Amino acid sequence: MEKPCSLLVHFDKGSAAMANEIKADLEGGDGPAKADAMRRAISLLLNGETLPQLFITIVRYVLPSEDHTVQKLLLLYLEIIDRRDPAGRALPEMILICQNLRNNLQSPNEYIRGVTLRFLCRLSEPEVLEPLVPSVLENLEHRHHFIRRHAVSAVSAIYRLPHGDQLIPDAPELVERLLASEQDASARRNAFLMLCACAQERAVAYLLSNADRVAEWPDLLQMAVLDLIRKVCRSQNRANKGRYITIITSLLSAPSTAVVYECAGALVSLSSAPTAVRAAANTYCQLLSSQSDNNVKLILLDRLNELRTTHRDVMVGVVMDVLRALASPNLDVKKKVLDLVLDLLTPRNVEEVVLYLKKEVVKTQAGDLEKGAEYRQMLVQAIHACAVEYPEVAGSVVHLLMDFLGDTNVAAAVDVVLFVREIIETNPKLRVSMIQRLIDTFYQIRASRVCSCALWILGEYSLSQSEVESAIATIKQCLGDLPFYTVSDEGEINDSAKPAQPVVNSVTVSSRRPVVLADGTYATQSAATETISTASVAPGSLASTLNLRSLILSGDFFLAAVVACTLTKLVLRLEEVQPSKVESNKACTGALLIMTSILQLGQSSYLPHPIDNDSYDRIVLCVRLLCNTGDDVRKIWLQSCRQSFAKMLAEKQFRETEEMKAKAQISHAQPDDLIDFYHLKSRRMMQTSSTAFCN
């Protein structure tokens, strides 16, 4: 738009050639035809056409029409046409319109009067408005409230023009007199807004004289009152701030949620006293729990976050009220709530917060919760943050969270296992129970990343003989029978762990390949495997425990290398804690068998992709280590890894502490900022009220 316009209508089928058709319809058409022609004319004007030839036609054939639709369209037409010449003077043709507008202002029909008064609010030509002022003022006392509310708006618009005080010099007095006797809510609001804009002293005097009855006013008028209080406190001295705050606190119990929300914002802007801030925070929390619209909840959380940055001590007391907003099904709302609560943690409320989050985690186990997996992941991350900052609460939640290591949401399961890994290092008292819990729930894990981290934990923190033996037994159970595959006589390759027959199967694996003999000749080598016994096992229970086997058979050789490293650590530790060499040698032999089976699987044609070089080298290194162990290598495998992890956690904590210190040192006021000299005034002059909120 090249010029200001208060009307916008989409119209993409117009052309200047339509002007003749519009003119013909205006001259000879009936009411509906004229209305349709006026609509097309307005659309063309909004699209940039001038249509100067239509003005006289409209004056002759549209002004006399008594159709209400045509009269309303006529006012819209007059609103968008150019009413001034290039020199800035009102067009002479506009004088022809004045008599019609005066007749409309005196029409017995209330609708015609109302739309005409509303049209006058958009006129800025004193030449057109001056003869209409008496009729406008007469409508201030009309019996119908629809006329009075638009009459007040017209008086306000005229008075605010550059020379409007000359057109209606006593407008504030008239409007104030109307406000004292008016009963219609919209008319009272328009009158009060007119006083606020044109005679602020009168509006303030009216407000203070009726301060005890503001809570009984309509919500439209209460919103206008709040706007006036903000404006007065910004532009004038705050001598009556105590009375203003009393008015605002009386409106905190208003039935309108919009008024209550604005009251909380105004209360914070007027006073920084803890009582005022606490009242505003409680109001926001009440709205947060009562409103169902997600956008409203997000806005309220933004307001609470602003209070946190400036009044954190007060916000700490409403943490539990904020947590109730987690009942919202929207994930964006839940995330904002958790972020806000984590910033308000203290040693006093952390136990209550963690207990509430623990209950929410239990709720996510219900299958009817929408997006329960994503919500559970957010809760796990929040609990992790709480436990890292306050380690004493970790023991109350870690065992519950370990039930979700087999979660179908891989991201949530990864968060849980990372949380377990960090807690088991930072809380030695929980190590024994956590290792036992991890061993009991290991078979439930289905994600490769989670399995890798869980295996690392078992290898590093299984210290006693019983723990090491249980860990080795669990890994063997999850790997299943060895080898990982068999080749039948017909040449078909099968998984040896699948119980095809309930009886013992005898399978011979034949491989024929050329080999170089001692004398340098070639020969075909035949080898036969030993007989494999497959016990009768229920398919469901077998599939539920062979998680490592299924992942390795899917081609995950990185996990296979982690299994080899974990078994190596466990065997080395078993040699230290197991007094019987026979048992330790037996465990070492079993681990070597598993590793060689993995290498055999990786180099076979059973899988479409062979083992990668990195995983192959790691497994071979583990085999060599178990065959020939030195003290230096044993120290590296059993101590250095855990020391490196502890060092990493210490550096992470140090980095987070430094970031917090850097944020705390950020200056919110610059040396060249303007000084508010209000703070330098005498306290005696400001303390005109003893209200508790005035500090």
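Reading the values: the criteria
- Along each chain, the written sequence defines residue order, and numbers are assigned to residues from 1.
- Local features in a predicted model are, by the rule used here, given only for residues with pLDDT of at least 70; side-chain atom pairs are given and counted only at 80 or more, and totals for whole chains, interfaces and linings are based on all residues.
- Only heavy atoms go into the side-chain values, all of them from the structure, while hydrogens and water stay out.
- Helix numbers and strand numbers start at the N terminus; a helix is a DSSP run of H or I with at least 4 residues, a strand a run of E with at least 2.
- Any residue under 20% of the maximum accessible area for its type is buried, any over 50% is exposed, and the rest in between are partly exposed; the area is computed with a 1.4 Å probe on protein chains only.
- Throughout, a contact is declared for two residues whenever any of their heavy atoms are within 4.5 Å.
- Arc definition: it is the arc formed by the directions from the helix axis to the C-beta atoms.
- Nonpolar cores were defined as sets of buried Ala, Val, Leu, Ile, Met, Phe, Trp, Tyr and Cys residues, with membership established by side-chain atoms within 4.5 Å.
- Here, a salt bridge means any side-chain nitrogen of Lys or Arg that lies within 4 Å of a carboxyl oxygen of Asp or Glu.
- Lines fitted to C-alpha atoms define the axes, with helix axes restricted to the stretch in contact, and inter-axis angles between N-to-C directions lie between 0 and 180 degrees.
- Any angle between 65 and 115 degrees counts as roughly perpendicular, while under 35 counts as roughly parallel, over 145 as roughly antiparallel, and the rest as oblique.
- Side-chain classes follow a simple rule in which Ala, Val, Leu, Ile, Met, Phe, Trp, Tyr, Cys and Pro form the nonpolar group, Asp, Glu, Lys and Arg form the charged group, and the remainder, Gly included, forms the polar group.
- To estimate how far a helix should extend, the number of its residues minus one is multiplied by 1.5 Å.
- In protein, a polar contact means a hydrogen-donor-capable atom and an acceptor-capable atom, both N or O and within 3.5 Å, with residues adjacent in sequence counting only if both atoms are side-chain atoms; elsewhere, any N or O pair within 3.5 Å suffices.
- The aromatic pairing rule takes the rings of Phe, Tyr and Trp, using the six-membered ring of Trp, and pairs them if the centres are within 6.5 Å, calling planes under 30 degrees apart stacked, those over 60 edge-to-face and the rest tilted.
- The rule is short: NZ of Lys or CZ of Arg within 6 Å of the ring centre and within 35 degrees of the ring normal puts a charge over the ring.
- By definition, any crossing whose near helix is turned counterclockwise from its far helix by less than a right angle is left-handed, and any crossing with a clockwise turn is right-handed.
- Values of pLDDT, which run from 0 to 100, indicate the predictor's confidence residue by residue.

Draft legend 1. Up close: the overall build of the protein. Within the protein, the regular secondary structure consists of 35 helices and four strands. Scored against the burial criterion, the 695 residues of the protein give a buried share of 46%. In the protein, the proportion of contacts linking residues at least 24 apart, taken out of those at least 6 apart, comes to 66%.

Draft legend 2. Region of the structure containing helix H11 (residues 171-181). Among the residues of H11, those classed as buried are Ala171, Pro172, Leu174, Val175, Leu178 and Leu179. Here the buried residues of H11 occupy an arc of 160° about the axis, which is enough to place them on one side. Across from the buried face of H11, at angles greater than 90 degrees, the exposed residues are Arg177, Ala180 and Ser181. Residues of H11 that are buried make contact with helix H8 (133-138), helix H9 (145-159), helix H12 (185-198) and helix H13 (200-209).

Draft legend 3. Representation of the nonpolar core. Among the nonpolar cores identified, the biggest contains 216 residues, and Tyr77, Leu120, Phe192, Leu304, Leu357 and Leu548 are the most heavily contacted of them. The element that contributes the greatest number of residues to this core is helix H31 (residues 557-577), accounting for 13 residues. In this view, Leu357 contacts Leu323, Leu326, Leu338, Leu379, Ala382, Ile383 and Cys386; residues no more than four positions away in its chain are not counted.

Draft legend 4. Spotlight on the pattern of salt bridges. Here the structure, examined in full by the defined rule, presents 20 salt bridges. For Asp36, the salt bridge is made with Arg40, and the minimal N-O distance between the two is 3.3 Å. In this pair, Asp36 and Arg40 both sit in helix H2 (residues 31-46), four residues apart, roughly one turn of the helix. Two residues, Arg148 and Glu182, come together in a salt bridge whose shortest N-O distance is 2.8 Å. Taken as a pair, Arg148 in helix H9 and Glu182 in the loop between H11 and H12 lie far apart in primary sequence, 34 residues in all. For Glu182, a relative accessible area of 5% translates into the label buried. Ionic contacts of the salt-bridge type, sharing partners, join the residues Glu21, Asp25, Asp36 and Arg40 into one network.

Draft legend 5. Layout of the packing of H12 against H13. The geometry of H12 relative to H13 is characterised by a closest axis approach of 5 Å and an angle of 130° between their N-to-C directions. By the criterion of interaxial angle, the relationship of H12 to H13 is oblique. Contacts between H12 and H13 pair Arg188, Phe192, Leu195, Cys196 and Cys198 from the former with Gln200, Arg202, Ala203 and Tyr206 from the latter. Of the residues that constitute the contact of H12 with H13, the class distribution is six nonpolar, one polar and two charged.

Draft legend 6. Looking closely at helix H18 (residues 294-310). Between its terminal C-alpha atoms H18 stretches 25 Å, which fits the 24 Å expected from 17 residues at 1.5 Å a residue. What H18 keeps buried is the set Lys297, Leu300, Leu301, Leu304, Leu307 and Arg308. Angularly, the buried residues of H18 cover 115° about the axis, an arc narrow enough to put them on a single face. Relative to its buried face, H18 has exposed residues pointing more than 90 degrees away, namely Asn295, Thr309 and Thr310. Buried residues belonging to H18 abut helix H16 (257-270), helix H17 (274-290), helix H19 (312-316), helix H20 (319-323) and helix H21 (331-342). The distance from a side-chain oxygen at the start of H18 to the backbone nitrogen of Asn295 is 3.0 Å, and the residue carrying that oxygen is Asp293.

Draft legend 7. Broad picture of the packing of aromatic side chains. One pass over the full model with this rule turns up five aromatic pairs. Measuring from centroid to centroid gives 5.9 Å for Tyr261 and Tyr284, while their planes differ by 55°, and the two rings are tilted. In this pair, Tyr261 sits in helix H16 while Tyr284 sits in helix H17, placing the two residues 23 residues apart along the sequence. A relative accessible area of 24% places Tyr261 in the partly exposed class. Between Trp456 and Phe645 the ring centres are 5.2 Å apart and the planes differ by 65°, which places this aromatic pair in the edge-to-face class. Of the two residues, Trp456 is situated in helix H27 (residues 448-461) and Phe645 in helix H34 (residues 631-664); the sequence distance between them amounts to 189 residues. Ring pairs connect the aromatic residues Phe192, Tyr206 and Trp217, which therefore count as one cluster. Sitting over the ring of Tyr375, Lys334 keeps its end group 3.9 Å from the ring centre.

Draft legend 8. Structural context of the side chain of Arg431. Topologically, Arg431 is positioned in helix H26 (residues 431-441). For Arg431, a relative accessible area of 16% puts it in the buried group. Within the structure, the side chain of Arg431 is placed 3.0 Å from the side chain of Glu467, a separation counted as a polar contact. Discounting chain neighbours no more than four positions away, the residues touching Arg431 are Ile424, Tyr461, Leu463 and Glu467.

Draft legend 9. Spotlight on the packing of helix H15 (residues 241-251) against H16. Where H15 contacts H16, the two axes come as close as 9 Å, and the packing angle between them is 150°. Our classification of the angle between H15 and H16 gives roughly antiparallel. In this structure, the crossing between H15 and H16 has a hand that is left-handed. Where H15 approaches H16, its residues Lys241, Tyr244, Ile245, Ile248, Thr249 and Leu251 are matched on the opposing element by Val259, Val260, Cys263, Ala266, Leu267 and Leu270.

Draft legend 10. Up close: the environment of Leu479. Considering the arrangement of structural elements, one finds Leu479 in helix H28 (residues 465-479). Sequence separation between Leu479 and Ser550 is 71 residues; the distance between their C-alpha atoms is 8.2 Å. The residues contacting Leu479, other than those within four sequence positions of it, are Phe484, Leu546, Leu548, Arg549, Ile552, Val563 and Ile594.

Draft legend 11. Broad picture of the side chain of Ser328. Relative to the helices and strands, Ser328 is located in the loop between H20 and H21. Setting aside its immediate chain neighbours within four residues, Ser328 contacts Asn294, Lys297, Val333 and Lys334.

Draft legend 12. Examining the confidence of the model for the protein more closely. In the predicted model, the protein carries a mean pLDDT of 80, and the fraction of residues at 70 or more is 82%. Confidence over residues 499-543 falls short of pLDDT 50; this stretch has 52 contacts with residues more than four positions distant or in other chains. Every residue in residues 682-695 is under pLDDT 50, and counting partners more than four places away or in other chains gives 19 contacts.

Draft legend 13. Structural view of the environment of Val416. In this structure, Val416 sits in helix H25 (residues 410-426). Look past the residues within four positions of Val416 in its chain and what remains in contact with it is Val380, Leu401, Met402, Phe404 and Leu405.

Draft legend 14. Fine view of the environment of His609. By secondary structure assignment, the location of His609 is in the loop between helix H32 (581-602) and helix H33 (613-627). Sequence separation between His609 and Asp556 is 53 residues, and the spatial gap between their C-alpha atoms is 9.9 Å.

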